[in-house]
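# Tertiary structure, described
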Amino acid sequence: MVSRSRSLLTAVAAFLLLVVLWELAKLVLPADGVTVGGTRLLPRTGDAAMPHVWTVLERLGTPEVAGAGSRTVGAAVASGALFTLGLALGGLVIGGVSGVLLALIMARFGLVQRAALPYVVASQTVPLIAVAPLVAGWGGKIHILGWAWQSWASVMVIAAYLAFFPVAVGMLRGLTSPAKADVELFRALAAGWWTTLLRLRLPASVPHVVPAVRLAAAAAVVGAIVAEISTGTRGGIGRLIISYAQAATGDPSQMYAAILGAAVLGLVAAAAVGLLDVGLKRYRGSVS
Amino acid sequence: MTAVELEDVDKRFGEVHALDGIDLTIADGEFVSLIGPSGCGKSTLLRIIADLEQAGGGTVLVAGKSPQRARVDQEYGIAFQAAGLLEWRTVAENVELPLQVHGMGKAQRRARAAELLELVGLADFAASRPGQLSGGMQQRVAIARALAPSPRLLLMDEPFGALDEMTRERMQAELLRLARETGAAVLFVTHSIPEAAVLSDRVVVMSPRPGRITEVIGGCRPGGAVGDIDDVRESTAFFEAITAVRESLRKAHGS
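Residues numbered from 1 in each chain as written. Chains lettered and ligands numbered in written order. Predicted model: local features only at pLDDT ≥ 70, side-chain atom pairs only at ≥ 80, totals over all residues.

## Focus on the overall build of chain A
A count of helices and strands for chain A gives 10 helices and 4 strands. Ordering the α and β elements of chain A from the N terminus gives α-β-β-α-α-α-α-β-β-α-α-α-α-α. The proportion of buried residues among the 288 residues of chain A is 35%. Here the contacts in chain A between residues at least 6 apart in sequence split such that 72% fall between residues at least 24 apart. (Helix = DSSP H or I, 4+ residues; strand = E, 2+ residues; numbered from the N terminus. Buried ≥ 20, exposed ≤ 12 C-beta atoms within 10 Å, placed from the backbone. Contact = placed C-beta atoms within 7 Å.)

Set out below in structure tokens:
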């Protein structure tokens, strides 16, 4: 518990340091940035480019647009972040489950592993920007029992597509991690494949899978945000960042407020995985 | 009945002739050591008996059955040089593993594990993690695990090879006592001449390329003579056995 509260303190300290650096940059560097021979070396630090931290925080509490009845920026960011979090977690679950299943099949059948692994790796080199319209396009043609494909489903599929990779690779590494002697012990005990999986390979894979899921959670959040933007899905933080960014020249702190929301969203997703880590504590230790 | 019967066992790994014409019988309750230089095939022979390797030719019977049948029926328990305990299980849960794999009920295997940990003197460590134990203690847990299904045969591949000399001597005494109390036959692979001499009813000396049995020497406790192992270590019979094994190994090397 001591180390846990300590790491929390370190995280808070790191955040404060970031704030201090930000403000220091504004204070010390010239407002128009530094240009040498037409090439900008340091960015503008004026209020229009880098608003004060407190201005950003203040903006959270003020209405989105001037006039009565408008919700505050904070409320908009929070609802957008929640919407995106839901899609990202849904994607994480779908991607995680399919990653685990594929890893199990690959671990069971060497042939599948040799055949599929290169494609699993290759799948991640296809740029997300190229995948997103494809998914949206295919999805648009799907109608199941009267349910028409929604654009948020495309976002979830893309988040799953990104989350899938680290889980599949981490799980496969974990499943094949037991030492030869341990595998032989189970053979000597006349344990079948399922028993060996349950009593040896799955427990041994936990130290590999937990960091993989943490990566996958981050990837799912980024994937969901980018996918929202490229599929034009409304309601999420991705869309919010874009529409605030379009107004950034006049109101830069609004955009930073949305970016702050995206960062908090990533932290929440990581914390959710942290819970998983706590639950599986007994199986950690050999790695990490 | 015999624990192990080998007749004309042969094994090749590609070009390497690992074992050639191995004949060996181990009686129930007998303690037999396999000794020889590296590469003489002693570990391979043990692995064939354990059904972790297939013999290339000849007959292998373990408790009167095929090695595969004997493995499934848990006729043998096995311990390697590395204790190989599962980190995420407590000491007691590690001992229970063979019983759990074979579907024994929880209460029953709890009781059996407690009994075995008592036997190896680790009752106080039942709830500890393997990582909290010393090397010698971990190896005792591994032996308790091997003994859990009450096997007729204990296969041990240099189990004390990684231990310091003092711990090693204590473990030898412990092992002899356990073998006697459980009545299990033991096939013990080792590099150490004194270890083979002090433990065994018979010492089987092997030579490499191809792996053959060159001589079988009576240990210093023929017929399973009971006595304080430390007395045995100082007895003339012990030194005679050591000399005999050493000379046999030298002869096997053809010098």
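There's more to say after this.
## Some remarks on the packing of helix α3 (residues 73-108) of chain A against helix α4 (residues 110-123) of chain A
Residues and elements named next belong to chain A. The N-to-C vectors of α3 and α4 enclose an angle of 135 degrees; their axes lie 6 Å apart at closest approach. The orientation of α3 relative to α4 falls into the category oblique. Here Leu102, Ile105 and Met106 of α3 come into contact with α4, specifically with Val112, Gln113, Ala116 and Leu117. A per-class count over the contact of α3 with α4 returns 6 nonpolar, 1 polar and no charged. (Axes fitted to C-alpha atoms, helices over the stretch in contact; angles between N-to-C directions. Parallel < 35°, antiparallel > 145°, perpendicular 65-115°, else oblique. Nonpolar A, V, L, I, M, F, W, Y, C, P; charged D, E, K, R; others polar.)

## Considerations on the sheet that holds strand β1 (residues 2-13) of chain B
Residue and element names in this part refer to chain B. Spatial strand order, β2-β1-β4: 3 strands in an open sheet with antiparallel pairing. The sheet terminates laterally at β2 (16-27) and β4 (57-62), the two strands that pair on one side only. Recorded for the sheet is a direction-independent mean angle of 20 degrees between the axes of neighbouring strands. (Pairing = 2+ DSSP bridges.)

## Thoughts on the nonpolar core
One finds B:Ile49, B:Leu153, B:Leu155, B:Val186, B:Leu187 and B:Val245 to be the most contacted residues of the largest nonpolar core, which totals 88 residues. Broken down by element, the residue count for this core peaks at 7 residues, all from helix α5 (residues 135-147) of chain B. By size, the runner-up hydrophobic cluster in this structure holds 62 residues, among which are A:Ala107, A:Ala136, A:Leu172 and A:Ala224. (Core = buried A, V, L, I, M, F, W, Y, C linked by C-beta atoms within 7 Å.)

## Some words on the packing of α3(A) against helix α6 (residues 151-175) of chain A
Residues and elements named next belong to chain A. Where α3 contacts α6, the two axes come as close as 6 Å, and the packing angle between them is 35 degrees. Classified by chirality, the crossing of α6 by α3 is right-handed. Looking at the contact of α3 with α6 residue by residue, the class counts come to 23 nonpolar, 6 polar and no charged. (Left-handed = near helix turned anticlockwise from the far one by under 90°.)

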